[in-house]
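Residues per chain are reported as follows:
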Amino acid sequence: MMPNDNRRLILLLFAIAAGAAGIGLMRGMLNDYLLSIFNFVGIYIILAVSLNITNGFTGLFSLGHPAFMAIGGYVTAILTLPLMRKSMFLPDLPAWLAVVELPLLPALVIGGMLAALTAMLIGLPVLRLRGHYLAVATMGFLIIVQVLITNGDRFTRGPLGLNGLPAMTTLWWVYPWVLLTIYTAWKIKFSSFGRSLLAIRENEMAAQALGINLFFSRIGALAIGAFFAGIAGGLWAHLITAITPGSFSLIMAFYIVVMVVVGGSGSITGSIAGAIIVSLLTEVFRPIEEALNVYGMGEVVMALILILILVFRPEGLFGDREPAIFSPRPNFPTGRAPNKIKGE
Amino acid sequence: MNSGYVLQQIVNGLILGSMYALVAIGFSMIYGIIRLINFAHGDIVMIGAFATLGLMQLKQVPFFVIALAVLGCGAMVGMVIERGAFRPMRGAPQVTGFIASLAVSIMIQNLGILFLTAQPRNFSFPAYMQRLIHWGPVSFRVVDAAIIVTTVLLMLMLLAIVYRTRLGVAMRATAENMDVARLMGININRAIWATFAIGSALAGIAGLMWGGKFGQIDPLLGYVPGLKAFIAAVIGGVGSISGAMLGGFLLGLAEVLFVGLLPPIYAAYRDAFVFSTLIVMLLLLPNGLLGRASEERA
């Protein structure tokens, strides 16, 4: 084992220990409001890092992330809903589903799996599109999912959504998933699979010439991103204890994209930083908006920040690199060299 | 279901379609010239609607003047957006422009909420515009007729500008090949600006019509026409002006007929239908009905 590997391992263990201690400490000391903010930040980290696998590594610009989140969220919610409430809210459920009440973990995993499965199915046709055509098709997918949820009363209770879900999401649930998401993204980025994703992003034809299976790599990237989005959706639903179709909107997609772009698409560290910055900024704006009665100001500022970043620092905070301290070996390339701008 | 009912639905589809077409034209022109999917285009519809509402408060202003002012207002907004957001990013990857336009859209919507509040407002045209006209089995209001007539007139004017003036030549040359156009001494910044101005003016006037048609406006109203215009542009072939017109009318008709002819239970799935059309269209006919197969989309 090279010294550098040791250092990283120690760093990781230290971070986990500090995180666990931190969670324990925070649960003891902080009030519910602050705890919920930390939970939201964690969920946004999962969303941003997983979207980064699709958008950042592979260059598949997808706006469908909230749709996968909605699928995961609804599936998890239906599976964990106490039987009493279930028979009240959803009297028309098929019999086999009406008698199911699962603990959170299996429900989350099933939700994530179904989101990933949907991603594969939708990816089959849609991933043939490129660039902003793909963006628009995934946006269409998002709207279709919203319409289906709104009208699928039998399973979703329509626009009312499901409320009174058991409040099971705590820091102990969120942050292990955060860690798993980051770990997966990291392993992907520095694996041969990840390299093939990066190659697809840089030059499809060259990647194909090197024997990379474009189709499976793309589907894989979309499905893995969707899996974690589904998990995030499930955690989200059990954090706010309610789920409505309106939550998973284009605005949500916009926020997650902003996180990835602000941090630097392709950089895991960047996505984490972006998620923290953006979600904390939203929390800062909320009381200001309410106090001064200036609703909408938060969004305006956020949009302005995004435009300024796109103009002045299009590669985001971290580009597509990771800080050297986390790098597997000295001088190991963690991203592409200086950001080049493709001309017309 | 008799033929009169179907005819009525077709007329309704044409009215909706002409508004979609007006928005789609600008959308398509902007895409054609700088390959930008301008998500903020729909929000200019909203600005046009509110500008109309504001001008109608001044009782003396004749309606014709209001329409002209709304055209001008739309053009100005389009030019400001181009100068402020899109020109500094020219040459960046295509998706960058798309994200930026999403940001501009959210900014306009929320500036609207900030200054105008999210409360919907009533929007009513003068009484003579609301009068019903009956033509056999078909009935429509004066404002509906005005929408279709104005749309057709504006389209003719647009075609005259694009195909019969020096500015139009410059715009078409820039869309064809920006670098060569620049070498030929064309001021491409001006051509792009003009494209934004013309496209946004049409979107602005579509806002006036939208308000008149639906009678209620709010700061988020641009979302739907923006998306629908995009789909209309894709159906017709993005970048093609005549394609956008055709696509707009087709989409309007298809949407109204979908809701009008199928059992009411499907009506709620209207948007799912529209977006499925979009995805199928992108996959099967990515160049649209009238577009040219000039670049890689799929």
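Residues numbered from 1 in each chain as written. Chains lettered and ligands numbered in written order. Predicted model: local features only at pLDDT ≥ 70, side-chain atom pairs only at ≥ 80, totals over all residues.

Participant: What is the right way to look at the overall build of chain B in this model?
Facilitator: Helix and strand counts for chain B stand at 12 helices and four strands. The C-alpha atoms of chain B give a radius of gyration of 19 Å, which matches the 19 Å a tight globule of 298 residues would have. Counting only C-alpha atoms, chain B reaches 60 × 50 × 40 Å along its principal axes. Across the 298 residues in chain B, those meeting the buried criterion constitute 49%. Here the analysis covers contacts within chain B between residues at least 6 apart in sequence; of these, 76% occur between residues at least 24 apart. (Helix = DSSP H or I, 4+ residues; strand = E, 2+ residues; numbered from the N terminus. Rg over C-alpha atoms; globule rule 2.2 N^0.38 Å. Buried ≥ 20, exposed ≤ 12 C-beta atoms within 10 Å, placed from the backbone. Contact = placed C-beta atoms within 7 Å.)

Participant: Any chance you could explain the overall build of chain A here in plain terms?
Facilitator: A tally of helices and strands in chain A yields 15 helices and two strands. Relative to its length of 344 residues, chain A is compact, with a C-alpha radius of gyration of 20 Å against a globular reference of 20 Å. Taken along the three principal axes of its C-alpha coordinates, chain A extends 60 × 50 × 50 Å. When burial is assessed residue by residue, chain A has 49% of its 344 residues classed as buried.

Participant: Is there a simple way to think about the environment of A:Leu142 in this case?
Facilitator: Residue and element names in this part refer to chain A. For Leu142, the position within the fold is in helix H7 (residues 131–151). Exposure remark for Leu142: the 25 C-beta atoms within 10 Å place this residue in the buried category. Leu142 has contacts with Leu63, Gly64, Pro66, Ala67, Leu250 and Ala253, leaving out every residue within four places of it along the chain.

Participant: I tried to follow the interface of chain B and chain A on my own but got confused; where do I start?
Facilitator: The extent of an interface is frequently quoted as the accessible surface area lost upon association of the parts. The partner chain A presents 38 residues to the 36 residues of chain B that form the contact. Of all elements in the fold, only helix H4 (94–116) and helix H12 (270–284) of chain B reach the threshold of two or more residues within the side of chain B that touches chain A. For the side of chain B that touches chain A, the leading source of residues is H4(B), giving 14 residues. When its residues are assigned to classes, the side of chain B that touches chain A shows 28 nonpolar, five polar and three charged. (Nonpolar A, V, L, I, M, F, W, Y, C, P; charged D, E, K, R; others polar.)

Participant: What is the right way to read helix H14 (residues 268–292) of chain A from this model?
Facilitator: Residues three or four positions apart in an α-helix share a direction because the helix packs 3.6 residues into each turn. Residues and elements named next belong to chain A. Between the first and last C-alpha of H14 there are 36 Å, a value that for 25 residues agrees with the 36 Å anticipated at 1.5 Å per step. Buried within H14 are the following residues: Ile268, Thr269, Gly270, Ser271, Ile272, Ala273, Gly274, Ala275, Val278 and Ser279. Taken together, the buried residues of H14 touch helix H2 (32–57), helix H9 (171–189) and helix H13 (250–263). Just past H14, the residue Asn293 takes up positive phi, approximately 60°. (Expected span 1.5 Å × (residues − 1).)

Participant: I'm lost on the pairing of strand S2 (residues 132–135) of chain B in this one. Help?
Facilitator: Two faces belong to every sheet, and in a regular strand the side chains alternate between them. All names here are of chain B. For S2 and strand S3 (residues 138–141), the ladder comprises four bridges, and the chain directions are antiparallel. By the bridge assignment, Ile133 is partnered in S3 with Phe140. In textbook terms, the turn of a hairpin is the stretch between consecutive antiparallel strands, and for S2 and S3 this stretch comprises two residues, one of which, Gly136, has a positive phi near 60°. (Pairing = 2+ DSSP bridges.)

Participant: Quick question: what am I supposed to make of the packing of helix H7 (residues 166–176) of chain B against helix H9 (residues 188–214) of chain B here?
Facilitator: Packed helix pairs are specified by the crossing angle of their axes together with the interaxial distance, meaning the distance between the axes. Residues and elements named next belong to chain B. Taken N-terminus to C-terminus, the directions of H7 and H9 make an angle of 100°; their axes are 9 Å apart at the nearest point. Relative to H9, the element H7 lies roughly perpendicular. Taking contact as the criterion, the partners of Leu167, Ala170, Met171 and Thr174 in H7 are, on H9, Ile188, Ala191, Ile192, Ala194 and Thr195. Of the residues that constitute the contact of H7 with H9, the class distribution is seven nonpolar, two polar and no charged. (Axes fitted to C-alpha atoms, helices over the stretch in contact; angles between N-to-C directions. Parallel < 35°, antiparallel > 145°, perpendicular 65-115°, else oblique.)

Participant: I would appreciate a short explanation of the domain arrangement of chain A in the present structure.
Facilitator: Residue and element names in this part refer to chain A. The domain boundaries assigned to chain A delineate domain 1 (1–30) and domain 2 (31–326). Taken together, the contact between domain 1 and domain 2 spans six residues of the former and eight residues of the latter. Within the side of domain 1 that touches domain 2, the residues separate by chemical class into three nonpolar, one polar and two charged. (Domains from an automatic or database assignment.)

Participant: What exactly am I supposed to notice about unusual backbone geometry here?
Facilitator: Across the chain, the bulk of peptide bonds are trans and the bulk of non-glycine residues have phi less than zero. Even without being glycine, A:Arg157 reaches a positive phi, approximately 60°. Looking at the element boundaries, A:Arg157 is found in the loop between helix H8 (153–156) and strand S1 (162–163).

Participant: I would appreciate a short explanation of the packing of helix H3 (residues 63–86) of chain B against H4(B) in the present structure.
Facilitator: All names here are of chain B. H4 packs onto H3 with a crossing angle of 125° between their chain directions and a minimal axis gap of 11 Å. The angle between the axes of H3 and H4 places the two elements in the oblique class. Considering only the axes of H3 and H4, their crossing is right-handed. Judged by residue contacts, Ile81, Ala85 and Phe86 of H3 engage Gly97, Ala100 and Val104 from H4. Residues belonging to the contact of H3 with H4 are distributed by class as follows: five nonpolar, one polar and no charged. (Left-handed = near helix turned anticlockwise from the far one by under 90°.)

Participant: Would you explain the environment of A:Ala324 in this entry?
Facilitator: Residues and elements named next belong to chain A. Note on placement: Ala324 falls in the segment after helix H15 (297–312). Overall, the presence of 10 C-beta atoms within 10 Å leaves Ala324 in the exposed class. The spatial distance from the C-alpha of Ala324 to the C-alpha of Ala20 is 25 Å, given a sequence separation of 304 residues.

Participant: Hey, could you run me through H15(A) in this one?
Facilitator: Here H15(A) contains 16 residues, and its C-alpha end-to-end distance of 22 Å stays within 8% of the 22 Å for a straight helix at 1.5 Å per residue. Taken as a whole, H15(A) has its buried residues at A:Glu299, A:Val300, A:Met302, A:Ala303, A:Leu306, A:Ile307, A:Ile309 and A:Leu310. Packing partners of the buried residues in H15(A) comprise H13 and H14 of chain A together with H3 and H4 of chain B.

Participant: Could you clarify how one ought to interpret the confidence of the model for chain B in this entry?
Facilitator: Caution is warranted with low-pLDDT regions, since their predicted coordinates should not be read in detail. Predicted confidence across chain B gives a mean pLDDT of 88, with 98% of residues reaching 70 or more. Here the predicted complex scores 0.87 on pTM and 0.84 on ipTM. (pLDDT = per-residue confidence, 0-100.)

Participant: Would you explain the environment of A:Ser279 in this entry?
Facilitator: Residues and elements named next belong to chain A. Here Ser279 lies in helix H14. Its 22 C-beta neighbours within 10 Å are what place Ser279 among the buried residues. As a C-alpha pair, Ser279 and Met259 span 20 residues in sequence and 8.6 Å in three-dimensional space. Among all residues touching Ser279, those that are not within four sequence positions of it are Phe40, Val41 and Tyr44.

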